[in-house]
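Coordinate inspection notes
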Amino acid sequence: MQNIDFRHDLLPLKDKLFRLALRILSSRDEAEDIVQDTLLKVWLRRESLSKVENIEAFCLTACRNLSLDRLERKETRNLSLETQEIDTEDRALTPHQQLEADERRERVKQIFDSLPERQRTALQLCDIEEKSYREVADIMQTTEANVKVIIHRARQAVRKQYEAIDNYGL
């Protein structure tokens, strides 16, 4: 990569960085701080990053590392994410169907939040950010095979917990 332009190269990554930091830290305020720190650190080091091929992967790695450092320092608990208002309503669903859909979504979110950090991060990057296994491996500083194992176990855990809730009506 040649010259890094803040507006065109870094600023468009802020939402992805925020979602990753939020999944790790479970705090909107701390995630916002981490995004700021990440963008600032990358910007200040822009001259030495000329050999970085994928600035997005570099930024996501930096964000993940800063988030993990913050998590370790603060010894924060895994708090659930704040419920966000959704502007769009699906008018095709009856109120009862909408309530059931909201409950299912909340159950999946709770299950997702209860996963270990590495599984949450891998799922976030792969399934939500649509990164390849190779990109996730680079960001998480592990092997592609290990990423596949982590994601498989995470999906298995989500499926198992969701089915247990469904079967027992919890």
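Residues numbered from 1 in each chain as written. Predicted model: local features only at pLDDT ≥ 70, side-chain atom pairs only at ≥ 80, totals over all residues. Heavy atoms only, no water.

With that settled, consider the nonpolar core. If you look at the biggest cluster of nonpolar residues, it comprises 42 residues, and the most contacted ones within it are L10, L17, I55, C59, L123 and L125. Within the residue set of this core, elements represented by two or more residues are α2 (14–25), α3 (28–44), α4 (55–74), α5 (95–114), α6 (117–128), α7 (133–140) and α8 (144–168). Other than its neighbours up to four places away in sequence, L17 contacts V35, T38, L39, C59, L60 and C63. (Core = buried A, V, L, I, M, F, W, Y, C linked by side-chain atoms within 4.5 Å. Buried < 20%, exposed > 50% of the residue type's maximum accessible area, 1.4 Å probe, protein only. Helix = DSSP H or I, 4+ residues; strand = E, 2+ residues; numbered from the N terminus. Contact = heavy atoms within 4.5 Å.)

Bringing the side chain of T121 into the picture now. Among the structural elements, T121 can be located in helix α6. Judged by its relative accessible area of 1%, T121 falls in the buried class. Not counting chain neighbours up to four residues away, the residues in contact with T121 comprise L20, I24, R64 and M140.

A word on the pattern of salt bridges. Applying the stated criterion to the full structure yields 14 salt bridges. The partner of D33 in a salt bridge is R70, and the shortest N-O contact between them spans 3.9 Å. Note that D33 is positioned in helix α3 and R70 in helix α4, a separation of 37 residues in sequence. Accessibility expressed as a relative area gives 33% for D33, which makes it partly exposed. Here E47 ties to R46 by a salt bridge, and the two come within 3.8 Å at their closest N and O atoms. Residues participating in the shared-partner salt-bridge network are R23, E106, K109 and D113. (Salt bridge = Lys/Arg side-chain N within 4 Å of Asp/Glu carboxyl O.)

Between α6 and α7, the shortest axis-to-axis distance is 10 Å and the interhelical angle comes to 140°. In this view, α6 runs oblique relative to α7, as classed from their interaxial angle. The crossing of α6 and α7 is right-handed. Residues R118, T121, A122, L125 and C126 of α6 form the contact with α7, whose participating residues are Y133, V136, I139 and M140. Considering only residue class, the contact of α6 with α7 consists of seven nonpolar, one polar and one charged. (Axes fitted to C-alpha atoms, helices over the stretch in contact; angles between N-to-C directions. Parallel < 35°, antiparallel > 145°, perpendicular 65-115°, else oblique. Left-handed = near helix turned anticlockwise from the far one by under 90°. Nonpolar A, V, L, I, M, F, W, Y, C, P; charged D, E, K, R; others polar.)

Everything listed is a geometric property; what it means functionally is a separate question.
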